[in-house]
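Working through the structure, step by step
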Amino acid sequence: MARNRWSHGYTVSLIWLSSFILFYSGFQMAIQNSSKRIQFMDSVSTNLNSERRSRLYDKMEHDLEEHGAVFLQGGETSQSLSLSDIFAVKDGIVKPVLKAANPPVRANVLYLNTNFSIPISQAGRQAVKGIFQPYFDRAIWFQNSSLYHFSMFHASHHIVAVPATEDEIEADATAVKAVTETLCPLKIVLHRVVLTSTGVLLGCWQVTSGTDPVYIRERLRNVLPNAPEKQLYDPAMLHTSFARLLGHPKLSVEELHKQPNQLQFFHELVIHLNNKIRGFEAEVSELWYVEEFDMLALALNGRIKPRKFHLGCSNN
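Residues numbered from 1 in each chain as written. Predicted model: local features only at pLDDT ≥ 70, side-chain atom pairs only at ≥ 80, totals over all residues. Heavy atoms only, no water.

1. Section: the nonpolar core
Condition: In plain words, nonpolar cores are sets of buried Ala, Val, Leu, Ile, Met, Phe, Trp, Tyr and Cys residues tied together by side-chain atoms within 4.5 Å. Between buried and exposed lies partly exposed: a residue is buried under 20% and exposed over 50% of the maximum accessible area for its type, with that area taken using a 1.4 Å probe on protein chains only. Throughout, a residue-residue contact means that at least one pair of heavy atoms, one from each residue, lies within 4.5 Å.
Counting 73 residues, the largest nonpolar core has Leu110 and Phe132 as the members making the most contacts within it. Among residues more than four places away in sequence, those in contact with Leu110 are Tyr148, His149, Phe150, Met152, Leu186, Ile216, Leu238, Val284, Glu286, Leu287 and Leu311. By size, the runner-up hydrophobic cluster in this structure holds seven residues, among which are Ala107, Tyr111, Trp288 and Val290.

In structure tokens:
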């Protein structure tokens, strides 16, 4: 009798064990399939965003043709600020004109560490000097290599100012920090350099891995509900300024005969520059929440108060 009870108990245990193994195996397969579906959807989303950036960069490349070299007549920045308001050229030397931002601009930017920005800057500066400086002399403003950044999202900008108290700013920064803990570092490659109608030599980048800028901006908008509805840049865009051309190119009579088309002249200079520095690779692992106390402070070496956050890549 005892033997039969033992046999019956053994059979029941075996059935339970087999059921558990089958359930566990099925559960693991479901997780793997779900993970594969998520990876597939992520891959599709990444490819779509990359294509969107490429189309955007194509459009930016044609900006000079569509609007002409506006910077030769003074013109404006991409943020609708007059060039004469932010730069002064004296004795051929460019100096920034710093003007207080009231209230301060509050920007979220991806920061490019100097381990990457300095080599890129050195190569870019050398190329720009070699290619553009013979024609523009010293009328070129170079972006500070220790402040290379990619603008992501503004909590307040100069077009739509959103005043905030110190407590509100700290609350925003805390919310942004929580977001950065879920974002993964970006591996990026310099896709091309374009010259805009406002005279900026702009580095246009693609993302090879990490959290896409589209998603970063979406997350920042979710945690910064008081931010201006209209932001300054396309959600897919990943760009940084290398330099800005100011003034007219100095061409000899012979060169003018060779280059009767001014836009073709600029186009060929940009091609030479791309041949020198396109393809640079870098990694971005920090996001800064920055208060800019001067207009375009990050671009003009003005007064800033950055709060620096590491991209933690934690699972959510």
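2. Regarding the confidence of the model for the chain
Here is the rule: The predictor attaches a confidence to each residue, called pLDDT, with possible values from 0 through 100.
Averaged over all residues, the pLDDT of the chain equals 85, while 80% of them reach at least 70. Segment residues 34-42: pLDDT under 50, and zero contacts once partners within four positions in sequence are set aside and those in other chains are kept.

3. Brief notes about helix H9 (residues 262-277)
Since the α-helix turns once every 3.6 residues, residues separated by three or four places project in the same direction. Under the convention used in this document: The way it works is that DSSP assigns letters per residue, a run of H or I at least four long becomes a helix, a run of E at least two long becomes a strand, and they are numbered from the N terminus. For a helix, the expected span equals 1.5 Å multiplied by the number of residues minus one.
The end-to-end C-alpha distance of H9 is 23 Å, a good match for the 22 Å that 16 residues give at a rise of 1.5 Å each. Three or more residues of H9 are buried, namely Phe265, Phe266, Leu269, Val270, Leu273, Asn274 and Ile277. Residues of H9 that are buried sit in contact with helix H2 (63-67), helix H4 (114-131), helix H5 (133-136), strand E6 (186-195), strand E7 (200-209) and strand E8 (239-245). Positive backbone phi, approximately 100 degrees, marks Gly279, located one or two places after H9.

4. Things to note about empty space enclosed by the protein
Rules: A pocket, in this scheme, is an open set of points on a 1 Å grid over the protein atoms alone with protein on both sides within 12 Å along at least 5 of 7 lines, while a cavity is a set where a 1.4 Å probe fits but cannot get out; residues line either one if an atom lies within 4 Å of a point. Grid points are joined across faces, edges and corners, and a volume is the space filled by probe spheres set on the points. Note on residue categories: nonpolar means Ala, Val, Leu, Ile, Met, Phe, Trp, Tyr, Cys or Pro, charged means Asp, Glu, Lys or Arg, and polar means any other residue, Gly included.
Inspection of the entire model under this criterion finds one cavity of 30 Å³ or more. Quantified by volume, the largest cavity comes out at close to 60 Å³. Lining of the largest cavity is provided by Ile120, Ser121, Gly124, Arg125, Val128, Phe142, Gln143, Tyr148 and Phe242. No other element matches the five residues that H4 contributes to the lining of the largest cavity. Each residue belonging to the lining of the largest cavity can be placed in one class, and the counts come to five nonpolar, three polar and one charged.

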